[in-house]
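# Geometric and topological summary
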Amino acid sequence: MSHTLGIRQAQKQKTRQALLDAALELLEGQSLSSLGLREVTRAVGVAPTAFYRHFRSTADLGVALVEEALGSLHPTIRTTVSTTGDGEERIARAVELIAGHVERHPAHVRFVARERHGGVRPVREAIAGQLARFAGEVAQALAKDPVSVGWSEDDLLMLAQLYVDQMIMTACLFLEAQEAGPEERERIAQLAIRQLRLISVGRQHWLEDRDEDRDDNLPTA
């Protein structure tokens, strides 16, 4: 009996993954809000009623795609932030990891880029939740850096959000340049490095600016 249940569970998982894969392929040319479940089930070769054994709706399927696209990235993000070496090495490594992820998973990156501000609310919220998790993890990693001594939790989170937003923007640029030549991809990489470097320079002087603000607010005699 347990063997039979194991086979059924494996088949169920296989069908679920096939639905996700088919949806992702169909979404290459349309938004999730226009995707019909019959399109997805037709592509997989199952009856429309079979869809509901795996997902409550196409929005539910979209949330699962968000988890598939972004859930596995958490270790990569932590590795990017905690990479040893000087600032330049860490920035170059971050850009390299972003470019590699886009090259390996273009459909997932395109889906997230399109649906981040798309018309399906649960999916937008799922993407926002994942990005908030990224920012929290980055903030925790940044807090361990000696440069962060004296920083408040709110300021560290703000800095982390800047890094995450920059990573997303860089991924979108690499995605747009997939059909371009190596010169364009190198241009994007160098631009991303300069932008991350600018954030890092601002980070080094942030506490100085805060101290100056406090001094300006002191009462005069």
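Preceding this section is the structure that the text describes.
So, here is what we can say about the structure in this document.

Note on aromatic pairs: each is described by the distance of the centres and the angle between the planes. Enumeration over the complete set of coordinates arrives at three aromatic pairs. Considering the side-chain rings of Phe51 and Phe55, the 5.6 Å spacing of their centres and the 45 degrees angle between planes classify their relative orientation as tilted. A relative accessible area of 0% means that Phe51 is categorised as buried. Assessed through its relative accessible area of 2%, Phe55 is described here as buried. Ring plane angle 35 degrees and centroid distance 6.4 Å describe the contact between Trp151 and Trp206, whose orientation is recorded as tilted. Taken together, the residues Trp151 in the loop between helix H8 (121-143) and helix H9 (153-176) and Trp206 in helix H10 (residues 182-216) connect sequence positions 55 residues apart. Exposure remark for Trp151: the relative accessible area of 11% places this residue in the buried category. For Trp206, a relative accessible area of 25% translates into the label partly exposed.

The rules behind the values
- Residues numbered from 1 in each chain as written.
- Predicted model: local features only at pLDDT ≥ 70, side-chain atom pairs only at ≥ 80, totals over all residues.
- Heavy atoms only, no water.
- Phe/Tyr/Trp six-rings, centres within 6.5 Å; stacked < 30°, edge-to-face > 60°.
- Buried < 20%, exposed > 50% of the residue type's maximum accessible area, 1.4 Å probe, protein only.
- Helix = DSSP H or I, 4+ residues; strand = E, 2+ residues; numbered from the N terminus.

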